[in-house]
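Analysis of the macromolecular model
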Amino acid sequence: MAGHSQFKNIMHRKGAQDVKRSKLFNKLAREITVAAKAGLPDPGHNPRLRAAIQAARVQNMPRDRIDRAIKQGTPGAGDDTNYDEVRYEGYGPGGVALIVEALTDNRNRTASEVRSAFSKHGGTLGETNSVSFMFNRIGLITYPAAVADADTVLEAAIEAGADDVSSDEENHSIITGVDSLGEVRDALEAKFGAPEGAKLTWQPLNTVAPSEDAAQSLLKLLDVLDDSDDVQNVIGNFELSPELLEKLG
């Protein structure tokens, strides 16, 4: 198992400071509602709901907002809005492969928004599975760096059955198999407490480094996608150097 990984540099997700708080809370609430509908409304017996609630707490989402989202997803207690999990795939500027994950109550609206974002910013939306073959489906568990030193987290992750660990000054990122995410998360939670995040995501098999012009267009595309209420996650196979990110602002 490698002690380090470039996984954190491959994904781009605007931080809470760059997203309007209301939009961020809407995305978190939607995931909580969908998780509650998909299983029991009790986080103790619903791993996906537990992970969604923890992600909301990390972003300081108010407890009453979390409770409302759970209630909305509870059969007989919430509304009858159904959200579909949809995945879009395509190429962004510079030939970057992108996977867009959404939760939507209107597939036509979301597809139109995503297609428009790609076309306006130098990308091309493809068919399902048009780029996902360039990625591995994985589990990703994240902890703040302060929870323990890198060696302690690495040892605990190995014992729990993780596949890889990457640690830096801010976070520990633990990569697991799809089927072992829950088991590894529970083992680490017993040792370190609740993680900041635990979810299924995508890891690219190889990365590309777009030119400065392509990177600038790519970041604009990512910003537009992230601005959509329906889009939950955007994952790409690009790698941008800290120097280029700083230059582009």
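Residues numbered from 1 in each chain as written. Predicted model: local features only at pLDDT ≥ 70, side-chain atom pairs only at ≥ 80, totals over all residues. Heavy atoms only, no water.

Per an unreviewed UniProt entry, the chain goes by Probable transcriptional regulatory protein FBZ90_10260 and derives from Nitrospirillum amazonense. Its UniProt record, at the heading Sequence similarities (unreviewed entry), says of the chain: "Belongs to the TACO1 family." Here is the UniProt Subcellular location (unreviewed entry) comment for the chain, exactly as written: "Cytoplasm". (UniProt positions renumbered as here; feature names shortened; annotations may be inferred.)

Bringing the sheet that holds strand E1 (residues 84–91) into the picture now. Taken in spatial order, the 4 strands line up as E3-E1-E2-E8 in an open sheet, and their pairing is antiparallel. The sheet is open, and its two borders are formed by strand E3 (124–125) and strand E8 (231–236), each paired with just one other strand. Judged from the 8 bridges that link them, E1 and strand E2 (residues 97–104) form a sheet pairing that is antiparallel. For Tyr88, the partnering residue across the bridge sits in E2 and is Val100. The sheet strands contacting helix H5 (residues 107–120) are E1, E2, E3 and E8, and the helix crosses E1 at an angle near 20°. Each of E2 and E8 is contacted by helix H8 (residues 212–227), which is oriented at about 10° to E2, the strand it contacts most. (Pairing = 2+ DSSP bridges. Helix = DSSP H or I, 4+ residues; strand = E, 2+ residues; numbered from the N terminus. Contact = heavy atoms within 4.5 Å. Axes fitted to C-alpha atoms, helices over the stretch in contact; angles between N-to-C directions.)

With respect to the element layout, Ala160 can be found in helix H6 (residues 150–160). Through-space distance from the C-alpha of Ala160 to that of Arg185 is 8.2 Å; in sequence the pair is 25 residues apart. The contact partners of Ala160, leaving out residues within four places of it in the chain, are Glu183, Val184, Ala187 and Leu188.

This brings us to the UniProt feature "domain: TACO1/YebC-like second and third" (unreviewed entry) in the chain. As annotated by UniProt and renumbered to match this structure, "domain: TACO1/YebC-like second and third" (unreviewed entry) occupies residues 83–238. The span residues 83–238 is 34% helical and 33% strand by assignment, and the distance between its end C-alpha atoms comes to 29 Å.

Formed by 21 residues in total, the largest nonpolar core has its most connected members in Leu98 and Leu225. Listing elements by their share of this core, those giving two or more residues are E1, E2, H5, H8 and E8. The biggest single contributor to this core is H8, with 6 residues. If near-sequence neighbours (up to four positions away) are discounted, Leu225 is found in contact with Val100, Val114, Ala117, Phe118, Val231 and Val234. Within the second largest apolar cluster, 16 residues are counted, among which are Tyr143, Ala148, Ala162 and Val184. (Core = buried A, V, L, I, M, F, W, Y, C linked by side-chain atoms within 4.5 Å. Buried < 20%, exposed > 50% of the residue type's maximum accessible area, 1.4 Å probe, protein only.)

What follows concerns the confidence of the model for the chain. With 91% of its residues at a pLDDT of 70 or more, the chain shows a mean pLDDT of 88. Across residues 10–14, confidence stays below pLDDT 50; counting only partners more than four residues off in sequence or on other chains, it has 20 contacts. (pLDDT = per-residue confidence, 0-100.)

For any pair of aromatic rings, the description rests on two quantities: the centre-to-centre distance and the angle between the ring planes. Tallied over the full model, the rule gives 1 aromatic pair. Here the aromatic rings of Tyr143 and Phe192 are separated by 5.8 Å at their centres, their planes lie at 70°, and the arrangement is edge-to-face. In this pair, Tyr143 is assigned in strand E4 (residues 135–144) and Phe192 in helix H7 (residues 181–192), connecting sequence segments 49 residues apart. As far as burial versus exposure is concerned, Tyr143 and Phe192 are alike and both buried. (Phe/Tyr/Trp six-rings, centres within 6.5 Å; stacked < 30°, edge-to-face > 60°.)

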